[in-house]
Amino acid sequence: MIFPFLLIAIGLILLVWSADWFVEGSAAIAGHMGISPLLIGMLIVGFGTSAPELLVSSFSAFQGNPGIALGNAYGSNICNIALILGITAMIKPIDVKSQLLKKELPLLTLFTLIAIFQAFDGFLSRFDAVCLLIGFVSLILWGLYQEKKANKDFLGIEVAERMEKKTQPMKPALIKAGTGFFVLIASSRLLVSNAVQIASSMGVSDLTIGLTIVAVGTSLPELAASIMATRRNEHDIAIGNVVGSNLFNTLAVVGIAGMIHPMPIDSLTLNRDLMVVLSLTLLLFLFGYGFFKRPGRINRYEGTALLLCYVSYMVWVASDLH
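Residues numbered from 1 in each chain as written. Predicted model: local features only at pLDDT ≥ 70, side-chain atom pairs only at ≥ 80, totals over all residues. Heavy atoms only, no water.

Of regular secondary structure, the chain possesses 13 helices and four strands. By residue count, 55% of the 322 residues in the chain fall in the buried class. When contacts within the chain are restricted to residue pairs at least 6 apart in sequence, those whose partners lie at least 24 apart make up 87%. (Helix = DSSP H or I, 4+ residues; strand = E, 2+ residues; numbered from the N terminus. Buried < 20%, exposed > 50% of the residue type's maximum accessible area, 1.4 Å probe, protein only. Contact = heavy atoms within 4.5 Å.)

This is the structure:
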């Protein structure tokens, strides 16, 4: 029984390492191709940190383990907001200055509501998956349009400053991105296969394993990226990682997994997990957008509240095992 846990730990270490290499290499390649820093921050940094969720959920759906696929996606969204932003804001309050991110926050709320609406019939069909993927493509096109309108957005400025400090030639960037991607694939398969084995041996559902061990593990790249970003005063990159990742999880990760294998959505996922995702998304919207002359900011008190929400959710998940 210890061996599968050891393999999961190895898989998670490789997952975090390879995701970092993949994102850094991809960002450098994009820079050489003349892609703007704002788009790199939106698409590559924000979405790239969700590559572990995409691969893990895709492998899970392919192997017929829908609980891990959905649990990983929605559990990662919960982890990103409550655990990652909670810890990050407790270390250092996060200021949200980017107007583009403030436009993405209501979109994230809207797409979360769409995911809940799709879950009401208890099944994620291929039609539902196609709708989610259309939403993802629309989001990318919207981002391209906004990038042309944006004039020195704070997110783009922070990404440009970081890229100036970490420039690398095209060939090493290609090697870094390629190596990261292939290790991502191998570590994802290692993680999924052993998570399924642990779930069956412990008599718990795939969903529970997906919401806990797998979700936290695949969210580690976002945790590392957000903490490092706030320590460098790159506040918009920190919250952009989370917003971009949650949009990617909700639309692309669930959409691709549903295309591979349509899957049932049980009442627990709808009434507990998706409602927690919605509640936390609304909190993030309120904290990050800023209302009544209050600037967009997540302070240490709000970070503590988010972390307590995550602990309460984990207790809730554990209580449903009995």
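Taken as a whole and assessed by the stated rule, the structure comprises one aromatic pair. Considering the side-chain rings of F136 and F248, the 5.4 Å spacing of their centres and the 80° angle between planes classify their relative orientation as edge-to-face. With a gap of 112 residues between them, F136 in helix α6 (residues 126-149) and F248 in helix α11 (residues 235-260) connect regions that are remote in the sequence. With respect to burial, F136 and F248 carry one shared label: buried. (Phe/Tyr/Trp six-rings, centres within 6.5 Å; stacked < 30°, edge-to-face > 60°.)

Residues F3, L6, I10, L14 and W17 make up a contiguous nonpolar surface patch of roughly 470 Å² in combined accessible area. Within the secondary structure layout, F3 lies in helix α1 (residues 2-32). F3 sits in the exposed class, given a relative accessible area of 55%. (Patch = residues over 30% accessible without salt bridge, like charges linked within 9 Å, V, L, I, M, F, W, Y side chains within 5 Å. Areas by Shrake-Rupley, 256 points an atom, 1.4 Å probe, with all protein chains shown as cover. Salt bridge = Lys/Arg side-chain N within 4 Å of Asp/Glu carboxyl O.)

Mapped onto the fold, N65 is located in the loop between α3 (51-62) and α4 (66-91). The exposure class of N65 is buried, given its relative accessible area of 11%. Apart from residues no more than four positions distant in its own chain, N65 is found in contact with S60, V196 and D206.

This paragraph deals with the environment of A27. Take A27: it is sitting in helix α1. Taking the relative accessible area as the measure of exposure, A27 reaches 11% and is therefore buried.

Before going further, it helps to examine the confidence of the model for the chain. With 86% of its residues at a pLDDT of 70 or more, the chain shows a mean pLDDT of 81. Across the chain, element-level confidence peaks in strand β2 (residues 123-124) with a mean pLDDT of 94 and bottoms out in helix α7 (residues 154-165) with 64. (pLDDT = per-residue confidence, 0-100.)

In this section: the environment of L83. Position of L83 among the secondary structure elements: in helix α4. Since its relative accessible area comes to 16%, L83 is described here as buried. Between the C-alpha atoms of L83 and V216, which are 133 residues apart in sequence, the distance is 9.0 Å. Apart from residues no more than four positions distant in its own chain, L83 is found in contact with I78, L307 and Y310.

Any two side chains of opposite charge can pair, on the condition that their charged atoms come close. Per the counting criterion, the structure on display carries two salt bridges. A salt bridge links D95 to R297; its shortest N-O distance comes to 2.6 Å. Here D95 is found in strand β1 (residues 94-95), whereas its partner R297 is found in strand β4 (residues 297-298), with 202 residues between them in sequence. One salt bridge connects D273 with R272, and the closest N-O pair in it is separated by 2.7 Å.

Once that is clear, we can look at the environment of I44. Here I44 lies in helix α2 (residues 37-48). The sequence separation of I44 and N241 amounts to 197 residues, and the corresponding C-alpha distance is 9.6 Å.

We now examine the packing of helix α10 (residues 220-231) against α11. Two numbers describe how α10 lies on α11: the axes approach to 6 Å, and their chain directions differ by 160°. Comparing the axis directions of α10 and α11 gives the class roughly antiparallel. Crossing angle aside, the handedness with which α10 passes α11 is left-handed. Facing α10, whose interface residues are E222, A225, S226, A229 and T230, α11 presents H235, I237, A238, N241, V242 and S245. The residue makeup of the contact of α10 with α11, split by class, is five nonpolar, five polar and one charged. (Axes fitted to C-alpha atoms, helices over the stretch in contact; angles between N-to-C directions. Parallel < 35°, antiparallel > 145°, perpendicular 65-115°, else oblique. Left-handed = near helix turned anticlockwise from the far one by under 90°. Nonpolar A, V, L, I, M, F, W, Y, C, P; charged D, E, K, R; others polar.)

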